[in-house]
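This is what each chain is made of:
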Amino acid sequence: MRTLVTGGAGYIGSHVVRLLRNRGDFVVVVDDLSTGFADRLGDARLVRLDLASDTAPALIEAVLREERIDAVLHFAARKQVHESVQRPAWYYAQNVGGLANLLLAMETAGVSRLVFSSSAAVYGDVEGDAVAESAPTHPVNPYGRTKLIGEQLIGDATTGSGLSAVSLRYFNVGGAGWPELADRAVLNLVPMVFERIDAGLPPLIFGDDYPTVDGTCVRDYVHVLDLADAHIEALDHLAAGMHGHGVFNVGTGEGTSVRAMVEEILATARSPLQAEVRIRRPGDPASVVASPALIAEKLGWRAERGLDEIVRSAWDAHLTGSPRE
Ligand SMILES: NC(=O)c1ccc[n+]([C@@H]2O[C@H](COP(=O)([O-])OP(=O)(O)OC[C@H]3O[C@@H](n4cnc5c(N)ncnc54)[C@H](O)[C@@H]3O)[C@@H](O)[C@H]2O)c1
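Keep in mind that this is a model prediction, so the values were computed, not measured.

1. What about helix α4 (residues 88–109)?
Residues lying three or four places apart along an α-helix face the same way, a consequence of the helix completing one turn every 3.6 residues.
Part 1: When the terminal C-alpha atoms of α4 are compared, their 31 Å separation across 22 residues agrees well with the 32 Å that a helix rising 1.5 Å per residue should span.
Part 2: At Gly-97, α4 shows its strongest bend, of approximately 30 degrees.
Part 3: Those residues of α4 that fall on the buried side of the exposure criterion are Tyr-91, Gln-94, Asn-95, Val-96, Gly-98, Leu-99, Asn-101, Leu-102, Leu-103, Ala-105, Met-106 and Ala-109.

Next comes the structure, spelled out in structure tokens:
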């Protein structure tokens, strides 16, 4: 298969690029390297451009035609919740505008298969146990809203212009399939705890008075390689004739409390530090755990790697000293 991967120089996209190249698929990456790194790409061709720029539709259309692309995987986006609150218009321009430009290019070039990186952030404040795709979507920040609007835009394109698409709602992603592809940003719990350990400071837990098993927030952690496999399944189902717009959670169905996660990391790092509890941060839902039933049924995907592998692979990559942002 011949694929175009936007955001392929990023943490998750580069894992998918590696899997595609390993099975012999042709890959061209479109990335502006704003948060990505060219050294993650191996031998895949890089076209460096900002998807949200005015010239993007024509440039992408040319690449799609030149490289005779069959399908597109769209990872490129801005993903910092706090920044999205500070700069909402720019987030919409980047995430929604970038997607619209991509869809315009695909439509003119006649490319009709798309896999889109969505997020559990579309659900907002989750109530109850495992969240299914049919649960209400009320994102609580601009970042989450750009992802929900992205899904809606793709839904409209599948109805109106013959697109076939899969949107994957990622839960908490961690780990590394290869050390050099590890997450280099310090935005998620695992790298944040690593940073505290490096500085000899106690890891922080925000709030231990939630209605959960140990009072700390509960999340669903999925290994980045399992997540990357889900994209390959989605791509292959689209190639096999899957139509319309499939929307799937990508999670394990297992909740892990922040305290349990921090303890797992400290044990893996053999650190004597003890976590320190601070007051709750505003906007953190108590528990966000996926129901992974639909993706298992429709795409045959299940997470195979556990929490220990997530932490161990991330820590090993950290020790090998991949450059940080
Ligand atoms: N990491 C997570 O926990 C998580 C969770 C849910 C959803 N997601 C989504 O998954 C996708 C990939 O996330 P990631 O963690 O790999 O992030 P990342 O920042 O490592 O990767 C994003 C890539 O897109 C590129 N990019 C960003 N804006 C661009 C633009 N306008 N034009 C061209 N390239 C652009 C960046 O340079 C980078 O290489 C994003 O869409 C993100 O919203 C990530």
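The structure having been displayed, the exposition proceeds.
2. Here we look at the site of the ligand
Part 1: Surrounding the ligand, one finds 27 residues, the nearest of these being Gly-7, Gly-10, Thr-35, Gly-36 and Ala-77.
Part 2: Residue assignment for the shell around the ligand shows that the elements contributing at least two residues are α1 (11–22), α4 and β5 (113–119).
Part 3: For the shell around the ligand, the leading source of residues is α1, giving three residues.
Part 4: Partitioned by chemical class, the residues of the shell around the ligand number eleven nonpolar, eleven polar and five charged.

3. As for the packing of α1 against helix α7 (residues 224–239)
Part 1: In contact at an axis separation of 9 Å, α1 and α7 are set at 60 degrees when each is read in the N-to-C sense. As the angle between them shows, α1 and α7 are arranged oblique. Every pair of crossing elements has a handedness; the one defined by α1 and α7 is right-handed. The segment α1 lies against α7, with Ile-12, His-15, Val-16 and Leu-19 engaging Val-224, Leu-225, Leu-227, Ala-228, His-231 and Ile-232.
Part 2: Here the contact of α1 with α7 is composed, by residue class, of eight nonpolar, two polar and no charged.

Here is what the cut-offs are and how they apply
- Residues numbered from 1 in each chain as written.
- Predicted model: local features only at pLDDT ≥ 70, side-chain atom pairs only at ≥ 80, totals over all residues.
- Helix = DSSP H or I, 4+ residues; strand = E, 2+ residues; numbered from the N terminus.
- Expected span 1.5 Å × (residues − 1).
- Bend = angle between axes of the 7 residues up to and from the residue.
- Buried ≥ 20, exposed ≤ 12 C-beta atoms within 10 Å, placed from the backbone.
- Near = placed C-beta within 6 Å.
- Nonpolar A, V, L, I, M, F, W, Y, C, P; charged D, E, K, R; others polar.
- Axes fitted to C-alpha atoms, helices over the stretch in contact; angles between N-to-C directions.
- Parallel < 35°, antiparallel > 145°, perpendicular 65-115°, else oblique.
- Left-handed = near helix turned anticlockwise from the far one by under 90°.
- Contact = placed C-beta atoms within 7 Å.

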